[in-house]
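Observations on the three-dimensional arrangement
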Amino acid sequence: MSCIRFNTPAQRQAMRNHRPAMLTAEEAAALHPAPEVTESKLRRLRLLAADPNPKIREAVASSYNTPVDLFETLAKDPDDGVRGCVAKNEATPCDILRELADDRSETVRGWVAVNYFVPADVMEKLAADRSRTVRSLVKWKASLAEETQPATESRPVPVA
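Criteria and thresholds
Residues numbered from 1 in each chain as written. Predicted model: local features only at pLDDT ≥ 70, side-chain atom pairs only at ≥ 80, totals over all residues. Heavy atoms only, no water. Helix = DSSP H or I, 4+ residues; strand = E, 2+ residues; numbered from the N terminus. Rg over C-alpha atoms; globule rule 2.2 N^0.38 Å. Contact = heavy atoms within 4.5 Å. Areas by Shrake-Rupley, 256 points an atom, 1.4 Å probe, with all protein chains shown as cover. Polar contact = N/O pair within 3.5 Å; in protein donor to acceptor, adjacent residues only side chain to side chain. Disulfide = S-S within 2.5 Å. Buried < 20%, exposed > 50% of the residue type's maximum accessible area, 1.4 Å probe, protein only. Salt bridge = Lys/Arg side-chain N within 4 Å of Asp/Glu carboxyl O. Core = buried A, V, L, I, M, F, W, Y, C linked by side-chain atoms within 4.5 Å. Arc of directions from axis to C-beta.

With that settled, consider the overall build of the protein. When helices and strands are counted, the protein shows eleven helices and zero strands. Walking the protein from its N terminus toward its C terminus, one meets helices and strands in the order α-α-α-α-α-α-α-α-α-α-α. In summary, the protein has a C-alpha radius of gyration of 22 Å against a globular reference of 15 Å for 160 residues, an excess of more than 25%. When contacts within the protein are restricted to residue pairs at least 6 apart in sequence, long-range pairs at least 24 apart make up 42% of them. As presented, the protein carries roughly 11200 Å² of accessible surface, and 59% of it is formed by carbon and sulfur atoms.

This is the structure in structure tokens:
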């Protein structure tokens, strides 16, 4: 006996007629709102930010709900991976991204370069970085901006 089910043409048409409509990203987000950030969640983030395992600290550094003081602490973490997660997080404050642009790790500086919300003065600084990789990432990001320029004219510009 086969486990394959064969639908009749009428069944296939009925499934097509009743399939869900494709939602825009905004409509999908409205149907599934993010849970509110509670004091309990912030306490957990603070606890996890002090974990000896750098992968746990990376998770905190990657969270959009991480408080600014934890971003400041994690930006000075001895582990490059943790600092890299701070650098690529779009919720990281611009002042912390400015500090990370001077990081000893070229990987961390590279993550700063590709962060969409990095200030223009930091991008100028990274364009002259000692690392060819970082300079290449800055060029690559600039080329993407040029390609999408007409499509992004109506978007608000991130404020530093």
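More follows now that the structure is in view.
Take the side chain of N89 next. Along the polypeptide, N89 turns up in the loop between α6 (80-88) and α7 (94-100). With residues up to four places along the chain from it excluded, the contact list for N89 reads A61, S62, S63, Y64, F71 and N115.

By secondary structure assignment, the location of S131 is in the loop between α9 (120-127) and α10 (132-147). There is a polar contact of 2.4 Å between the side chain of S131 and the side chain of E106. Leave out the neighbours within four places in its chain, and S131 touches E106 and R109.

With that out of the way, let us pick up the state of the cysteines. Counted according to the given criterion, the structure contains zero disulfides. Here C85 is not cross-linked by a disulfide; its sulfur's nearest cysteine counterpart is in C94, at 18 Å. Its relative accessible area of 7% is what places C85 among the buried residues. Owing to a relative accessible area of 15%, C94 belongs among the buried residues under this scheme.

With that out of the way, let us pick up the pattern of salt bridges. The full count for this structure, using the stated rule, is ten salt bridges. Between D69 and R46 there is a salt bridge; the shortest N-O distance is 2.6 Å. You can see D69 sitting in helix α5 (residues 68-74) and its partner R46 sitting in helix α3 (residues 39-49), a full 23 residues away along the chain. Taking the relative accessible area as the measure of exposure, D69 reaches 35% and is therefore partly exposed. Here D121 ties to R98 by a salt bridge, and the two come within 3.0 Å at their closest N and O atoms. Within this pair, whereas D121 is found in helix α9, its partner R98 is found in helix α7, the two being separated by 23 residues in sequence.

Ranked by size, the top nonpolar core spans 26 residues in total, and within it L74, V86, L100, V112 and L126 carry the most contacts. The element contributing the most residues to this core is α6, with four residues.

Another point: α3. Residues that lie three or four places apart on an α-helix share one face, since the helix turns once every 3.6 residues. For α3, every residue scored as buried is listed here: L42, L45 and A49. The buried side chains of α3 occupy one side of the element, clustering within an arc of 55 degrees when seen end-on. Relative to its buried face, α3 has exposed residues pointing more than 90 degrees away, namely R43 and L47. Those residues of α3 that are buried lie in contact with α4 (54-62) and α5.

Moving on to the environment of P119. With respect to the helices and strands, the residue P119 is situated in the loop between α8 (106-114) and α9. Overall, the relative accessible area of 4% leaves P119 in the buried class. Counting along the chain gives 22 residues from P119 to L97, while the straight-line C-alpha distance between them is 8.2 Å.

Scope: geometric values only; no functional claims are made or implied.
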